[in-house]
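Reading the structure
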Amino acid sequence: MAKFPDTLIPPPLRKPAKPGQNGHRNGNGASPNGDSEEKSVVVEKLKEAPVDLVGWVDERTGASPFLTGMLLRKVPKGTNWFYTLGSATMFAFIVQALTGVFLAMYYTPSPVEAYASITNITNDVFMGEFVRGLHKWGSSVMIILIFLHMGRVFFFGAYKYPRELNWVIGVVLIVLTLVMGLTGYLLPFDQRSYWATIVAMNINGTGPIVGPYLADFLRAGAEFESTTLSRFYALHMLLVPGAIIALIGAHLYLVVKLGTTAPPWVRGDTKPKSLRKEKVG
Amino acid sequence: MDAGQKEEYLREYEVLKKKGKPFFPYAVAKDSVMFLVVVVVIAVMSIILGAEQGPKADPTTTTYTPRPEWYFFFLFELLRVLKPAALTPLATIGIPTMALVLLLLLPFYDRNPERDPRRRPVATTAGIMVIIAMALLTFLGAEAGAPTEIEMDVAPQYEDGKVAVAGQGCLTCHKIGENGGDLGPELTDIGSKLPAAGIRRTLINPSGIMPPYSALPPDKLDSMVEFLASLR
C-alpha cells in the first residue's frame, strides 16, 4: 500500500500520539513487518481525524458547550406529543423553503410570462407538478400547524411569565405566515390569484391612515401594474421569509434559554420534606 | 404575577426540569417522527390533490369574483356578514386589527398566574369561543361559493359556456339555478322561453340596463348562447 501522506491532515488537526503508542511516528528504526504496521497507523490516524476536526472547530468557536447544553438540556417531566407542534410548524416551513427555491429556478415574475412559466413547471419540468403541489399544500399544512401550536401554548398557559416575549414573537410569525399565503397567492397569476389579490389590496386600502399607502406600496402604484407582480415576488421570497427565519431563530433561542413548559397539570413538589413536616406538625 | 409567584414558578419549574429527560434523544425522537409525518402528509396531499392551474389572469373580466385561499375564508365571511357599506371598514380592518392586538398583548393583560386550563375558566372559555367562531366563519365562507360560480351540473359540451357566463358576471342580475341576483329575469329555464337566436340577439343588443356583450370573441359568445339555450 502506498504511503499515506502525513500532510493530508494539517498540523493543527493532528493529535499528539497517545502515550504508549508513540512507537511509530517518532519511531526510530524500521518496523519489523513494514507495510501492515504502516497501514494500521494510517487507519488509526484517519479514525482520529473527525475527533480532531471537531476539536479544531471547537477550539475556535467554543460551540461545544453550547451544543451539548442545548442537546442534553432537560425537558420537563410530562412533555408530550403536543410539544412537537412547534417543531412540526418549522419542518413545514423548511419544506416550503426548499420547494420554494426549486420553484424560483423556473418561475418568471412578469405578468406576461408568469402564467406560462407555471404551466412549464407543471407540465414539463421533471417532478414539477409534484413540487408545486408540495409548496401549495405545504402552506395549508403550515397554517394548520402554526394555529395548533398557538392553541397548545394558549391552553397550557405557556405564554405566561417568563415567556411573554416568545408569545409576541410567535404572533408576529403567524402574521408573517399569513402574509406569505397572501403574497404567494398572486404568483401563479391565474384568475383566482389575480382577483383575490385585487380584493386584498382594496381591503388594505380601506384601512385608516396607513391603509391607502400600504395598498399603494403593495401595488407599486395606484393601479395593478406589471411591477406589482415583481413586488409580490420580492416580498414572498426575500423580505418575508428572511424575517421569518430571523424570528424563528429568536423564538428558538428563547425556547432553549427559558425551556419548554411542563403541562400545567404536572406539579413539582417545591417544598423540602423537612419544611413540610414542620408545617404539618 | 408578583415577585413571590414568579419565584415560586421558577422553583417548581426547576424541580420539574430535574425530573425530566434530556432533549436528546427523547424530544428529538418525537420531533423526528413528527418531521416524517409532516413531510409524508404534504407529499400525499401533493400527489392526491395535485396543483391544478386555473385560467390565466384576465384583467378585462371585471366581474370575476375572487376566492381567497381557505385560511382567509374567515376574513372573507366576516365581509359578507357585515354587508352594509358603513360596516365594511369594521369588517376589513377594524375587527381583524383588534383581534390581532388582543392576541399580541395577551400575556400582558392576562395576569392570572394559574396555568391549568381547568382553573382558568374565562381564558379557556374565550379560547374555545374564538376557535368555534373561526371554524364557523371558515365553514360558512367555504359553503358560500363564489358569487360568479354556477353550481349546476351541465353536459360537458356546455361547460365552456357555463364558465363564460359565470365569468361575465351574468349572476350579478340574473338567477341561474341556485345562484344569482334578481335584478333581471331568471335564466334558469331561459332555453324554453327564448330560442338560441333570440338569446344571441339579446346578448348583442340588450334592452334596458343590461350591458351589451357584442365585444366578446365570437366563440365565447357562441358557447354562452349554447349554454343558455340548453337551460330548460
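Residues numbered from 1 in each chain as written. Chains lettered and ligands numbered in written order. Predicted model: local features only at pLDDT ≥ 70, side-chain atom pairs only at ≥ 80, totals over all residues. Heavy atoms only, no water.

Helix and strand counts for chain B stand at ten helices and three strands. Secondary structure of chain B in N-to-C order comes out as α-β-α-α-α-α-α-α-β-β-α-α-α. Compactness check: chain B gives a C-alpha radius of gyration of 28 Å against a globular reference of 17 Å for 232 residues, more than 25% above the reference. Considering only C-alpha atoms, chain B reaches an extent of 85 × 45 × 30 Å along its principal axes. When the 232 residues of chain B are sorted by exposure, 37% land in the buried category. Residue pairs in contact within chain B that sit at least 24 positions apart in sequence constitute 55% of those at least 6 positions apart. By element, 66% of the accessible surface of chain B is carried by carbon and sulfur atoms, the whole surface being about 13700 Å². In chain B, 23 side chains carry a positive charge and 26 a negative one; their mean positions are 8 Å apart. (Helix = DSSP H or I, 4+ residues; strand = E, 2+ residues; numbered from the N terminus. Rg over C-alpha atoms; globule rule 2.2 N^0.38 Å. Buried < 20%, exposed > 50% of the residue type's maximum accessible area, 1.4 Å probe, protein only. Contact = heavy atoms within 4.5 Å. Areas by Shrake-Rupley, 256 points an atom, 1.4 Å probe, with all protein chains shown as cover. Lys, Arg positive; Asp, Glu negative; His and termini not counted. Charge placed at Lys NZ, Arg CZ, Asp CG, Glu CD.)

Residue-level contacts link 76 residues of chain B with 84 residues of chain A. Here chain B and chain A share an interface that buries about 7300 Å² over both sides, 68% of which is from carbon and sulfur atoms. With its nearest N and O atoms 3.4 Å apart, the salt bridge here joins A:K160 to B:D110. The tally of links from chain B across to chain A stands at 31 residue pairs in polar contact (both at pLDDT 80 or more). Counting residues per element, the ones that place at least two in the side of chain B that touches chain A are α1 (3-18), β1 (21-22), α2 (23-49), α4 (88-104), α5 (106-109) and α6 (121-144) of chain B. (Buried area = accessible area lost by both parts, 1.4 Å probe. Salt bridge = Lys/Arg side-chain N within 4 Å of Asp/Glu carboxyl O. Polar contact = N/O pair within 3.5 Å; in protein donor to acceptor, adjacent residues only side chain to side chain.)

Here we take up the confidence of the model for chain A. All names here are of chain A. Of all residues in chain A, 83% attain a pLDDT of 70 or more, and the chain-wide mean is 85. Across chain A, element-level confidence peaks in helix α3 (residues 85-106) with a mean pLDDT of 97 and bottoms out in helix α10 (residues 273-280) with 52. Note on residues 25-31: pLDDT under 50 across the span, and seven contacts to partners over four residues away in sequence or across chains. (pLDDT = per-residue confidence, 0-100.)

Moving on: the packing of helix α6 (residues 164-186) of chain A against helix α9 (residues 226-258) of chain A. Residues and elements named next belong to chain A. For the pair α6 and α9, the least separation of the axes is 9 Å and the interaxial angle reads 160°. The orientation of α6 relative to α9 falls into the category roughly antiparallel. Where α6 crosses over α9, the two elements pack in a sense that is left-handed. Split into classes, the residues belonging to the contact of α6 with α9 amount to 21 nonpolar, seven polar and no charged. (Axes fitted to C-alpha atoms, helices over the stretch in contact; angles between N-to-C directions. Parallel < 35°, antiparallel > 145°, perpendicular 65-115°, else oblique. Left-handed = near helix turned anticlockwise from the far one by under 90°. Nonpolar A, V, L, I, M, F, W, Y, C, P; charged D, E, K, R; others polar.)

Next up on the list: the environment of A:L218. All names here are of chain A. Along the chain, L218 turns up in helix α8 (residues 211-219). Given a relative accessible area of 9%, L218 falls into the buried group. Excluding residues within four positions of it along the chain, L218 makes contact with M201, N204, T228, R231, F232 and L235.

Below, the discussion takes up the pattern of salt bridges. Residue and element names in this part refer to chain B. Applying the stated criterion to the full structure yields twelve salt bridges over all chains. Note that R11 is salt-bridged to E7, the shortest N-O span being 3.0 Å. In this pair, R11 and E7 both sit in helix α1, four residues apart, roughly one turn of the helix. Across the pair R200 and D222 runs a salt bridge, and its minimum N-O distance is 2.9 Å. Of this pair, R200 sits in helix α9 (residues 196-204) while D222 sits in helix α10 (residues 218-229), placing them 22 residues apart in sequence. By relative accessible area, which is 30% here, R200 ends up partly exposed.

This part covers unusual backbone geometry. Leaving glycine out, the prevailing phi sign among residues is negative, and the prevailing peptide bond configuration is trans. Across the junction of A:Y161 and A:P162, the peptide omega takes the value 5°, indicating a cis bond. Relative to the helices and strands, A:P162 is located in the loop between α5 (128-155) and α6. The omega angle of the peptide bond from B:F24 to B:P25 is 5°, so this bond is cis rather than trans. Within the secondary structure, B:P25 is located in helix α2. Even without a glycine there, the phi angle at A:M127 is positive, about 60°. Within the element layout of this structure, A:M127 appears in the loop between α4 (114-123) and α5. Relative accessible area serves as the criterion here: at 45%, A:M127 is assigned to the partly exposed category. Backbone geometry places A:A220, a non-glycine residue, at a positive phi of 60°. Tracing the sequence through the fold places A:A220 in the loop between α8 and α9.

Before going further, it helps to examine the packing of aromatic side chains. Summed over the entire model, instances satisfying the criterion amount to 17 aromatic pairs over all chains. Linked through ring pairs, A:F82, A:Y83, A:F156 and A:W265 together constitute an aromatic cluster. If you follow B:K30 out to its NZ or CZ, it ends over the ring of A:W81, 5.7 Å from the centre. A cation over an aromatic ring shows up here: B:R120 above the ring of A:F154, its NZ or CZ 5.7 Å from the ring centre. (Phe/Tyr/Trp six-rings, centres within 6.5 Å; stacked < 30°, edge-to-face > 60°. Lys NZ or Arg CZ within 6 Å of the ring centre and 35° of its normal.)

Right, let's get into the environment of B:P195. Relative to the elements of secondary structure, B:P195 occurs in the loop between α8 (190-193) and α9. Placed 95 residues apart in sequence, B:P195 and B:L100 show a C-alpha to C-alpha distance of 55 Å.

Domain parsing of chain B yields domain 1 (66-144) and domain 2 (156-230). In this structure, domain 1 of chain B and domain 2 of chain B have C-alpha centres spaced 39 Å apart. (Domains from an automatic or database assignment.)

One turn of an α-helix holds 3.6 residues; hence residues three or four places apart share an orientation. Taking 1.5 Å as the rise per residue, α1(B) with 16 residues should run 22 Å; its terminal C-alpha atoms sit 23 Å apart, in good agreement. Turning to α1(B), its buried residues are B:Y9, B:E12, B:Y13, B:L16 and B:K17. Viewed along the axis of α1(B), the buried residues span an arc of 140°, placing them on a single side of the element. In α1(B), those exposed residues whose orientation departs by more than 90 degrees from the buried face are B:A3 and B:K18. Buried positions along α1(B) lie against β1 (74-75) and α9 of chain A. The residue sitting at the N-terminus of α1(B) and contributing the capping side-chain oxygen is B:D2; that oxygen lies 3.1 Å from the backbone nitrogen of B:G4. (Expected span 1.5 Å × (residues − 1). Arc of directions from axis to C-beta.)

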